[in-house]
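Breakdown of the fold
If you want the building blocks of each chain, they are given just below.
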Amino acid sequence: MKKGNGKSELALQAEKLAKDCTAFAEQMSQERGCLDVINEITSLALSNIKLIHIHVGFHAHTEEFDVQVNSVDNRYEVGESIHLYRESLYLDRNRFEDDATPLQQLLEIEDKLLELIAEAKDKLEAAA
């Protein structure tokens, strides 16, 4: 066996395989975390329909996930829809501006949705 940098070829191959396995495990964990947050966002959309309209979309050909939020009294005619919040991200890459991972971006969206839901509940209670 050849030695390179004081290590056998077999040891170098083992180290490379270990690094590849670690990278793969991290990627799978990140993807699973993204799926969990997407499911939670979808659950928020379904369970708060009387308070706020959360529209969730996924575009498979670009791996883009988007969220749009409207008040329940929003008029959905062309050109008259007003979004309370709108965000999109690509699940296969980090955000350009600050290198935030897709998971970090999804968690930011989830936090904003929780904030908007709380505001909608407060408005509903104040009106009652």
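You'll find the structure just up there.
So, here's what we can say about the structure. Keep in mind it's a predicted model, so treat the numbers as computed, not measured. (Residues numbered from 1 in each chain as written. Predicted model: local features only at pLDDT ≥ 70, side-chain atom pairs only at ≥ 80, totals over all residues. Heavy atoms only, no water.)

Glancing now at the packing of aromatic side chains. Evaluated as defined, the whole model comprises 0 aromatic pairs. Sitting over the ring of Tyr90, Arg93 keeps its end group 4.2 Å from the ring centre. (Phe/Tyr/Trp six-rings, centres within 6.5 Å; stacked < 30°, edge-to-face > 60°. Lys NZ or Arg CZ within 6 Å of the ring centre and 35° of its normal.)

Turning our eyes to something else, we now look at the sheet that holds strand 5 (residues 85–90). What the 3 strands build is an open sheet, ordered 3-4-5; its pairing is antiparallel. Looking at the sheet topology across the chains shown, the edges are occupied by strand 3 (52–59) and strand 5. Neighbour to neighbour, the strand axes of the sheet diverge by 10° on average, direction disregarded. Across 8 bridges, the pairing between strand 3 and strand 4 (residues 64–71) is antiparallel. By the bridge assignment, Ile52 is partnered in strand 4 with Ser71. (Pairing = 2+ DSSP bridges. Helix = DSSP H or I, 4+ residues; strand = E, 2+ residues; numbered from the N terminus. Axes fitted to C-alpha atoms, helices over the stretch in contact; angles between N-to-C directions.)

Relative to the assigned elements, Glu110 resides in helix 2 (residues 102–127). The side chain of Glu110 sits in the buried core without any salt bridge; Lys121 is the nearest counter-charge, 13 Å away. Apart from residues no more than four positions distant in its own chain, Glu110 is found in contact with Val37, Glu40, Ile41 and Leu44. (Buried < 20%, exposed > 50% of the residue type's maximum accessible area, 1.4 Å probe, protein only. Lys, Arg positive; Asp, Glu negative; His and termini not counted. Salt bridge = Lys/Arg side-chain N within 4 Å of Asp/Glu carboxyl O. Contact = heavy atoms within 4.5 Å.)

Here we take up the pattern of salt bridges. Within this structure, the stated rule accounts for 5 salt bridges. Of the charged contacts, one joins Arg75 and Glu77 as a salt bridge, the two residues approaching to 3.1 Å between their closest N and O atoms. Owing to a relative accessible area of 39%, Glu77 belongs among the partly exposed residues under this scheme. The residue Lys112 makes a salt bridge to Glu115 at a minimum N-O spacing of 3.3 Å. Residue Lys112 and its partner Glu115 are located together in helix 2, separated by 3 residues, close to a single helical turn. Within this structure, Arg95, Asp98 and Glu108 form a network of salt bridges that share partners.

Read these as layout, nothing more, since geometry by itself doesn't imply function.
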